[in-house]
Amino acid sequence: MSGETPAVEIRALSKTFGAQIALRDLHLSLGQGEFLALLGPNGAGKTTLIRIIASLTRPTSGTVRLWGRDLSREATALRRHIGYISHLPLLYGDLTPEENLRFFARMYDLPDARSHIDQALDRVGLLARRHDPVRTLSRGMVQRLAIARATLCVHDPAIMLLDEPYTGLDLQAADMFSRVLQELALSQRTVVLTTHLLDQALEMGDRIAILCRGRIAWEGKRAGLQAAELREIYREVTGGAGWTQP
Amino acid sequence: MSYLRKVVAILWKDLVAELRTKEMFSAMFVFAVLVVVTFTFAFDLRVTGERVRQVAPGALWVAFAFAGVLGLNRAFILERDRGCLEGLLLAPVDHTAIFFGKMASTLVLMFVVEALVLPVFTAFLGIDLFNGWLLLVVALGTVGFAGVGTILSAMTAQTRAREVLLPILLLPVAAPVLIAAVKATAGILDGLAVAEIGRWLRLLIAYDLIFPVVAVMTFDYIVRE
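Computed from a prediction, not measured in an experiment: that's the story for all the values here.

**Looking at the layout of surface pockets**
- In this structure, the largest pocket encloses a volume near 460 Å³.
- Around the largest pocket sit 26 residues that line it, and Phe17, Thr47, Thr48 and Arg51 of chain A together with Glu225 of chain B are the ones nearest its centre.
- Only strand S2 (20-30) and helix H1 (46-53) of chain A together with helix H3 (50-81) and helix H4 (84-89) of chain B provide two or more residues apiece to the lining of the largest pocket.
- Sort the elements by how many residues they give to the lining of the largest pocket and H1 of chain A lands first, with four residues.
- Residues belonging to the lining of the largest pocket are distributed by class as follows: nine nonpolar, nine polar and eight charged.
- At five residues, helix H5 (residues 139-150) of chain A tops the list of elements feeding residues into the lining of the second largest pocket.
- Its residues placed into classes, the lining of the second largest pocket shows nine nonpolar, five polar and one charged.

**Section: the side chain of Thr142 of chain B**
All names here are of chain B.
- Position of Thr142 relative to the elements: it lies in helix H6 (residues 132-156).
- Look at Thr142 and you get buried, because its relative accessible area is 0%.
- If near-sequence neighbours (up to four positions away) are discounted, Thr142 is found in contact with Trp61, Leu107, Met110, Phe111 and Glu114.

**Considering the sheet that holds S2 of chain A**
All names here are of chain A.
- Reading across from one edge, S2-S1-S4-S5 is the order of the four strands in this open sheet, with antiparallel pairing throughout. If you trace the sheet from one side to the other, it starts and ends with S2 and strand S5 (69-70), each paired once.
- Inspection of the sheet shows strand S1 (residues 8-17) paired to strand S4 (residues 61-66) by five bridges, in the antiparallel sense. Paired with Ser14 across the two strands is Ser61, which belongs to S4.
- Across the sheet, H1 lies against S1, S2 and S4, angled at about 120 degrees from S1, the strand it touches most.

**Details of unusual backbone geometry**
- With phi around 50 degrees, Trp67 of chain A is a residue other than glycine that occupies positive phi space.
- Note that Trp67 of chain A resides in the loop between S4 and S5.
- Judged by relative accessible area, which is 11%, Trp67 of chain A ranks as buried.
- The residue Lys22 of chain B is not glycine, and still its phi comes out positive at about 55 degrees.
- Counting through the fold element by element, Lys22 of chain B comes out in the loop between helix H1 (2-21) and helix H2 (23-46).

**Examining the interface of chain A and chain B**
- Tallying the contact residues gives 31 residues for chain A and 29 residues for chain B.
- Surface buried jointly by chain A and chain B totals about 3100 Å² across both partners, of which 57% is contributed by carbon and sulfur atoms.
- Linking chain A to chain B there are five salt bridges.
- With its nearest N and O atoms 3.8 Å apart, the salt bridge here joins Arg5 of chain B to Asp109 of chain A.
- On the surface where chain A and chain B come into contact, there are 15 residue pairs in polar contact (both at pLDDT 80 or more).
- If you list the elements that add at least two residues to the side of chain A that touches chain B, you get S1 and helix H3 (97-107) of chain A.

**Quick notes on empty space enclosed by the protein**
Residues and elements named next belong to chain B.
- Under the defined criterion, the tally for this structure stands at four cavities of 30 Å³ or more.
- Put simply, the second largest cavity is a space of about 90 Å³.
- In terms of lining, the second largest cavity is formed by 13 residues, of which the most central are Asp14, Met24, Ser105, Thr106 and Leu109.
- For the lining of the second largest cavity, the secondary-structure elements that each account for two or more residues are H1, H2, H3 and helix H5 (96-125).
- Looking at which element gives the most residues to the lining of the second largest cavity, the answer is H5, with five residues.
- For the lining of the second largest cavity, a count of residues per class yields seven nonpolar, three polar and three charged.

Cut-offs applied
- Residues numbered from 1 in each chain as written.
- Chains lettered and ligands numbered in written order.
- Predicted model: local features only at pLDDT ≥ 70, side-chain atom pairs only at ≥ 80, totals over all residues.
- Heavy atoms only, no water.
- 1 Å grid on protein atoms, 1.4 Å probe; cavity = no way out; pocket = protein on both sides within 12 Å on 5 of 7 lines; lining within 4 Å.
- Points joined across faces, edges and corners; volume = space filled by probe spheres on them.
- Helix = DSSP H or I, 4+ residues; strand = E, 2+ residues; numbered from the N terminus.
- Nonpolar A, V, L, I, M, F, W, Y, C, P; charged D, E, K, R; others polar.
- Buried < 20%, exposed > 50% of the residue type's maximum accessible area, 1.4 Å probe, protein only.
- Contact = heavy atoms within 4.5 Å.
- Pairing = 2+ DSSP bridges.
- Axes fitted to C-alpha atoms, helices over the stretch in contact; angles between N-to-C directions.
- Buried area = accessible area lost by both parts, 1.4 Å probe.
- Salt bridge = Lys/Arg side-chain N within 4 Å of Asp/Glu carboxyl O.
- Polar contact = N/O pair within 3.5 Å; in protein donor to acceptor, adjacent residues only side chain to side chain.

Purely geometric stuff here, so don't read any function into it on its own.
Take a look at the structure:
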């Protein structure tokens, strides 16, 4: 999962839903360990792009390659290296936290699952509630468990796709998630984060891209970029739609 | 082996959740018993003696099929409503494992409901249904019904009118398996030789094989956008 080959390489990617064009002729390349913060107004195509890279959605045309391997042909094998977090917890309410993690550990053929699960539950502060059905946990606890499920603790993916992960998080879960993001930024994982928060994009991303009407309207390195400058660029390329003042 | 372990993991997950809530089982069982009771009253008014034996196979399979629809309706909707289907689709396994895991859990539920409904049916209609060949027909018919039902359940779970759409699509597509199952059941109750119901058994076996193959070819297209 290293070397010269880009971790993610997208060429001429388009996606349409009926008559609606979500992505059009999109090109993007990400090296191993790069952190891309993807900004854009609602409906710009951020979620569609993330879902295509996660192999949840098929592109209408174009190619996605991960480490040079065609995602459409090798999706099953490549999914092992992809982690995905959205605002949905992707957890089963009738199972306990331990059963949920055990299930996903089985689905990822995780060796030594028990110790990984204990570690994951300890990390998110849910060891004491490990045998309670998830539907009995508070929203914040579910969110923390979702972080444990999707990230780091379970299958340690080389590519992390984060689709507006802060949506609906309470303060405690948001703090925990910020720590997770900082760890990701320091690790050699390739990360794509979609967000409406310009300051967060500036804080986390090595690179920042602005997606508008299905195209990458602007892309640049974070280094040297000031918040006011990014806001100005954002307003210019999107017409000021959908950005969040911190 | 890894593929099989994941099929079993999905089955395990569904059964643990079902054992905890008994949502689907109780709905399916109560519905099947109500169908049997309703038919019993209807037959009691209009059908007597030997003619009960002639209408019993149809009543039996109506109970099984409609109870099965209830279970199938929930199979993928629960995954979709809680956003869990994405979690399954992200796992590094061929998506057909999801089909086989879901089909297996539907089958287990249907078999349990059928095992409980058969004695009720025997008690109410006075027909002994505990015959090895008849149990084979029930098993083959249930596998065929669950196979086609699981594909259509995955398909309709992504639509807006999903709970209405599944029975509308499923019952016509499953008609051959239901007809074969009713005919084979009737033949066995009438005391026909196995050779005489052979064509219906062959149709059931063909159905049991065709739909898993159809699922292998199409399931990934059904569940991914």
